[in-house]
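# Structure at a glance
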Amino acid sequence: MYVDYEHDNGVSFLIQCCSDNEDLFEGYDSIVGDSSFLAKLEDVELQMRQCQDQQTPNACEDDLSDSILAEDFRDSPPRALPSSQLEFQKAVMTPHKSPSRGAHNTSTPDLMNPRPAVKHSDLTANKPPPKARRSMKEHLKKMLIDNAATSSTVSKTVQQKEAVMTEEMSFAMQAMESISAEQDLGPFFDLPSKVKDLILRLKGIQDLYEWQKTCLNLDSVQQRRNLIYSLPTSGGKTLVAEILIFKELLCRKKDALLILPYISLVQEKVRGLSSFGIELDFMVEEYAGSKGRFPPVKRRNKNSLYVTTIEKGHSLVNSLIENDRLDNIGLVVVDELHMLGDGSRGAILEMTLSKILYMSKSTQIIGMSATLGNVGDLQTFLNAENYTNDFRPVELKEYVKIKDSIYEVDPREETCFSFSRLLDFKYSSGMQKMDPDHIVALATEVIPQQSCLIFCATKKNCENLAGMICKYLNKEFLKHKKAEKTTLLGELKSSGNGSLCPVLQKTVPFGLAYHHSGLTSDERKLVEEAYSSGVLCLLTCTSTLAAGINLPARRVILRSPYVATEFLKRSQYKQMVGRAGRAGIDAMGESILILQDKDINMAKKLLSAPMEKCYSNLLHDGGRGLLSLVLSLIGLKEAQVISADVNNQTILRITRIGIIGNICSSIDLSYCDLLYQDLSKGLEGLLLNSFLHLVYLVTPYDMVNQCKPDWMIYFRQFTNLSAAEQKMATAVGVPESFVARKAAGQSVRKSVDVVVVNRLYLALVLYSLLKETNLWDVSDRFQLTRGFVQTLLSSASAFGSSVLHFTEELEEFWAYKALLSELTRRLTYCVQAELIPLMEVAGVMEHRAKQLYNAGYKTLAHLANADPQILVQTIEKLSKRQANQIIASAKMLIKEKAEALQEEVDDLLMLPSDIPSFASQSNK
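Here is a short report on the structure shown in this document. In this text, all values refer to a predicted model and were calculated from it rather than measured experimentally. (Residues numbered from 1 in each chain as written. Predicted model: local features only at pLDDT ≥ 70, side-chain atom pairs only at ≥ 80, totals over all residues. Heavy atoms only, no water.)

## Observations concerning the overall build of the protein chain
Test applied: Numbering of helices and strands runs from the N terminus, with a helix taken as a DSSP run of H or I at least four residues long and a strand as a DSSP run of E at least two residues long. Partly exposed describes any residue whose relative accessible area lies between the buried limit of under 20% and the exposed limit of over 50%, with all areas from a 1.4 Å probe on protein chains only and scaled to the type maximum. Any pair of residues with heavy atoms lying within 4.5 Å of one another is described as a contacting pair. Computed with the Shrake-Rupley method and a 1.4 Å probe, the accessible areas treat only the protein chains shown as cover for residues.
On a plain count of helices and strands, the protein chain comes out with 41 helices and 21 strands. The buried share of the protein chain, taken over its 924 residues, is 47%. Excluding contacts between residues fewer than 6 apart, the proportion of contacts in the protein chain whose partners are at least 24 apart in sequence is 70%. Element-wise, carbon and sulfur atoms account for 51% of the exposed surface of the protein chain, whose accessible area totals about 46900 Å².

## Looking at unusual backbone geometry
Cis geometry is adopted by the peptide bond preceding Pro 295, which originates at Phe 294 and carries an omega value of -10°. Its identity is not glycine, yet Ala 564 carries a phi of approximately 60°, on the positive side. Tracing the backbone shows Ala 564 in the loop between strand E17 (562–563) and strand E18 (566–567). Its relative accessible area of 44% is what places Ala 564 among the partly exposed residues. Here the phi dihedral of Gln 783 falls at roughly 55°; this positive angle occurs in a residue that is not glycine. With respect to the element layout, Gln 783 can be found in the loop between helix H33 (775–782) and helix H34 (786–808).

## Regarding the sheet that holds strand E10 (residues 395–402)
As a reminder, the rule being used: A pair of strands is treated as paired once DSSP finds two or more bridges between them. Working convention: axes come from line fits to C-alpha atoms, limited for helices to the stretch in contact. Angles between N-to-C directions cover 0 to 180 degrees.
Judged by pairing direction, the sheet is mixed, and its eight strands sit side by side in the order E12-E11-E10-E19-E16-E13-E15-E14 without closing on themselves. Only two strands of the sheet have a single neighbouring strand rather than two, namely strand E12 (417–422) and strand E14 (512–515). Averaged over all neighbouring strand pairs, the angle between strand axes comes to 25°, with direction disregarded. As paired strands, E10 and strand E11 (residues 405–409) are joined by four bridges and run antiparallel to one another. Residue pairing for E11: Tyr 399 is matched across the bridge by Glu 408.

## Some thoughts on the environment of Asn 854
Tracing the backbone shows Asn 854 in helix H37 (residues 846–854). Separated by 20 residues in the primary sequence, Asn 854 and Thr 874 place their C-alpha atoms 10.0 Å from one another.

## Let's talk about the pairing of strand E15 (residues 538–541)
The following threshold applies: By convention, orient the strands away from the viewer: a clockwise path from the first strand over the helix to the second makes the crossover right-handed.
Because side chains alternate across E15, one face comprises the buried residues Leu 538 and Thr 540, and the other comprises Leu 539 and Cys 541, equally buried. Bridge analysis of strand E13 (residues 452–455) against E15 gives four bridges, and the strand direction is parallel. In the strand pairing of E15, Ile 454 is matched with Thr 540. With helix H21 (residues 521–532) bridging E14 and its parallel neighbour E15, the resulting β-α-β unit is right-handed.

## Focus: the pattern of salt bridges
Applicable threshold: Only one rule defines a salt bridge in this text: a Lys or Arg side-chain nitrogen within 4 Å of an Asp or Glu carboxyl oxygen.
Taken as a whole and judged by the stated rule, the model has 40 salt bridges. Notably, a salt bridge pairs Arg 300 with Glu 903, separated by 2.9 Å at the nearest N-O pair. Here the residue Arg 300 occupies a position in the loop between strand E5 (283–287) and strand E6 (304–308), and Glu 903 occupies one in helix H40 (residues 880–909), the gap between them amounting to 603 residues. Overall, Arg 300 belongs to the partly exposed group, its relative accessible area being 41%.

## Observations concerning the state of the cysteines
We apply this condition: For the purposes of this analysis, a disulfide is any pair of cysteine sulfur atoms at a distance within 2.5 Å.
Going through the model one piece at a time under the given rule, you end up with zero disulfides. We note that Cys 537 lacks a disulfide partner, and the nearest cysteine sulfur, in Cys 452, lies 8.4 Å from it.

## Topic: the packing of helix H8 (residues 193–203) against helix H11 (residues 237–250)
A pair of packed helices is characterised by two quantities: the angle between their axes and the separation of those axes. So the rule is basically this: Oblique is the label for every angle not falling under 35 degrees (roughly parallel), over 145 degrees (roughly antiparallel), or within 65 to 115 degrees (roughly perpendicular). Left-handed describes a crossing whose near helix is turned anticlockwise from the far helix through less than a right angle; right-handed describes the clockwise counterpart. Throughout this entry, Asp, Glu, Lys and Arg are counted as charged residues, while Ala, Val, Leu, Ile, Met, Phe, Trp, Tyr, Cys and Pro are counted as nonpolar. The remaining residues, Gly among them, count as polar.
Remark: H8 packs on H11, axes separated minimally by 12 Å, with the N-to-C direction vectors making an angle of 140°. On the basis of their axis angle, the class for H8 and H11 is oblique. Between H8 and H11 lies a crossing of right-handed hand. Residues Val 195, Ile 199 and Lys 203 of H8 touch H11, and the partners they reach there are Leu 239, Glu 242, Ile 243, Phe 246 and Leu 250. Of the residues that constitute the contact of H8 with H11, the class distribution is six nonpolar, no polar and two charged.

## Quick look at the nonpolar core
Note on soluble globular proteins: their nonpolar side chains tend to be buried together. The cut-off we apply is this: Residues belong to one nonpolar core when they are buried, are Ala, Val, Leu, Ile, Met, Phe, Trp, Tyr or Cys, and are joined through side-chain atoms within 4.5 Å.
Among the nonpolar cores identified, the biggest contains 98 residues, and Val 332, Leu 353, Tyr 714, Val 734, Leu 760 and Phe 806 are the most heavily contacted of them. Looking at which element gives the most residues to this core, the answer is helix H32 (residues 754–772), with 12 residues. Sequence-distant contacts of Leu 760, that is, excluding residues within four places in its chain, are made with Tyr 696, Tyr 714, Phe 718, Met 728, Ala 729 and Val 734. Ranked by size, the runner-up nonpolar core spans 74 residues in total, among them Val 446, Leu 453, Leu 504 and Val 508.

## A word on the packing of aromatic side chains
Selection criterion: Side-chain rings of Phe, Tyr and Trp, where Trp is taken by its six-membered ring, are said to pair if the distance between their centres is within 6.5 Å; with planes under 30 degrees apart they count as stacked, over 60 as edge-to-face, and otherwise as tilted.
Scanning the entire structure with this criterion turns up 20 aromatic pairs. Taking the centre distance of 6.0 Å and the plane angle of 45° together, the rings of Phe 246 and Phe 282 count as tilted. Taken together, the positions of Phe 246 in helix H11 and Phe 282 in the loop between helix H12 (263–280) and E5 put the pair 36 residues apart, joining distant regions of the chain. For Phe 246, a relative accessible area of 1% corresponds to the buried category. Measuring from centroid to centroid gives 4.9 Å for Phe 425 and Tyr 427, while their planes differ by 70°, and the two rings are edge-to-face.

## Describing a nonpolar patch on the surface
Quick note on the threshold: For patch detection, residues must exceed 30% relative accessible area and be free of salt bridges, and they are connected within 9 Å for like charges or within 5 Å for nonpolar side chains (Val, Leu, Ile, Met, Phe, Trp, Tyr).
Side chains of Leu 619, Leu 626 and Val 630 sit close together on the surface and give an oily, nonpolar patch of about 260 Å² of accessible area. On the basis of relative accessibility, which here comes to 37%, the residue Leu 626 falls in the partly exposed class.

## Some points on the sheet that holds E6
Pairing is parallel in the open sheet, where seven strands are placed in the order E5-E6-E4-E7-E8-E3-E9. Taken across any chain shown, the strands that pair with only one partner, and hence form the sheet edges, are E5 and strand E9 (385–388). Strand-to-strand twist in this sheet, taken as the mean axis angle between neighbours without regard to direction, amounts to 15°. In terms of strand pairing, strand E7 (residues 329–335) meets strand E8 (residues 364–369) through five bridges, oriented parallel. Each bridged residue has a counterpart across the sheet, and for Asp 335 the counterpart in E8 is Met 368. Along the sheet, H11 makes contact with strand E3 (227–230), strand E4 (255–259), E6, E7 and E8, crossing E7 at roughly 170°.

## Focus: helix H24 (residues 600–608)
For clarity, the cut-off: By arc we mean the arc of the directions from the helix axis to the C-beta atoms, nothing more.
Among the residues making up H24, those that are buried are Ile 600, Ala 603, Leu 606 and Leu 607. Viewed along the axis of H24, the buried residues span an arc of 115°, placing them on a single side of the element. Residues Asn 601 and Lys 605 are exposed on H24 and point more than 90 degrees away from its buried face. Where the residues of H24 are buried, they touch E10, E11, E12, E18, helix H23 (570–577) and strand E19 (588–595).

Rendered as structure tokens:
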């Protein structure tokens, strides 16, 4: 502590005294152990007296500053001094500035504001008669002796003062750290430098492209105006969006919404951004399929990034509007903005953006896309500015192949093509017949050392082409990464519970595979990882790969200019060829479109045409989107119906069911009444000793027409049902007699509802999955592709979640709430119960969950506290990057659940603002 000591001549000194357990003179036995110290002290006092006698105060001050207070401490090595002396030296030698505020409102001693300097004239004026005085040496001796004689017991008052001082110092340190953190907002596009370090560590990106820097420094970005930016595929659009999201979360302390077109992209993004969330202290919440809370948890101390599909994003915005919380969203980012022109999904996206534009003027909207035609129209709709650049990190060269010649695409040429080279190949007559388009020759120019994607018109084409290529590959291909391919086959078999696709069994040893929606989620994940790591060198795929996860290649081949039976659109073509060229790996990428003579003229128009224009889809399908928008605005009390009748004909009828289905559950308007009827009828005789009845109620209406029943299979499955289940089937409208007559090929006199019949068939598929959880066995039993069964399961879990929200809003359906909650959870994962906690982690499929569980990681807590190095060593084919993402996702989930529980606790403990008081009661 410090003692203010005033010498007889009026000069004040701040002397730091040692604490009870600290020896000011370290190893000395007494204060006279070092006579030089006391001698110098007497010299200083003598000099001061001489100064006073000579009336030269300035010289006195200079001599004092050069005396022992400076000399001894400067010359002594710091390590030789006890802590109290070091602090004293620091106090004396460091000039202090007065704090700007709060100087008199603290219990901390005012060390930073010593008494004002005393003028010499003030010292001598009105000076009282001198007293007999002791020397400074004697003063110091007396003080030390008194201190030594004083009891070391510290009073409670002193302890309390010290406690208060410690607390205030701690608070001050936190405040300084906070100020320091705020001052760091700037080095990296107004973000803390830590963000740049994380981008390097987690993404491997050391510096931004010039276009990215330009875009981030645009006036529209700085002033938070709406913006549309478009660049070619693989140009780096996503990183710009992520930096803007970080700015919103960290600098403006607002929530952000990221809308992506597919569930797989949502899961990939949640997995990738969870690490940033853990490091930068924000939440990353997944809204896809059956996941997501409506309304979201209201967090007081943290901001959230909501990563959503188009449909879930609409539901989320509705719930925020309904709860008057839309202004909490500071930024909305839409990836693949051209999806506005994609039928009913485009209508949903347009409704979402329209509501945000109308109801939250402070929310910034950022749209990005590689394929935009009428940008001006979109600018008008979003009231946005536009930034466009043709940058690609890797040069792309586009070619077409006609017969055995390769032509470079050059729209400036009159013919649109310029001759490049002849294709060098040696085919036998048999091989020429099997591969008339010379795909094997084109592929083997780059594989196995480099990668190749071949886009096909149909799923069946993908499988057939992969098998055909393998027939004509050199046996040397089998040796390339043989061990890794053997491991991959084992994992594929394990993911199918012992079943393995015969096509993959044949193609994987050569480094080939197919990729389309017919694969299960586990298979697709394993194939993608194997391709990204170089174990697989060639994928035959459908156009969905181009719109989904980023899997670039050295060469992209378009098997034909068709998607199914439709000729390619310019945007589809650009998305496919945009996958050519791997940044950081290839010097260039190339695409080759294979043409037949009949397609040449159409192809020329395709290659020279501008991008297709994006139009509103609110009038799609009979104007269903527009009706839905009007209905939701009325339900959200943001609009009123002026007139519902025209010429005495009702054109718009607003019902409670329609409003609840559309706003709270995002159920298609055409299904709301039907769902209400089914749920009401179900209450009359709900089957509770089996899941079948509930499964039927959550079987998606929109998948009914995608599957025609096999009547013999239908009959076998029907007869295997219990008596109660058969009775339930009859109650919904499918009696056994009907199924038996159809299976026997007999005519049916009594009409039945085809929708109900087909829906029950799909419900039997789902019911079998719930009982067995083996997707392969169920697919074989019903003679359906495993990809279709997987899609049915995902759709049912998402629709089940919507039905659950629907029943929560209608009091008459209270009985369904608990039942549907458990069913939706089972449909979401459809695995053994012990694997469900692990599969909650974004991107962890059944196969990976089994690996983790068998390795001892049985809970989220196990994963969240795992060592990534041990995880990599324990789990086959798991990279360190994947391990870190899994751990970060698990931590984020635990954090999210804990935060939600804490918010509930805080709400319970919060003092209500409207508690009746004595005054309020007396006024009544």
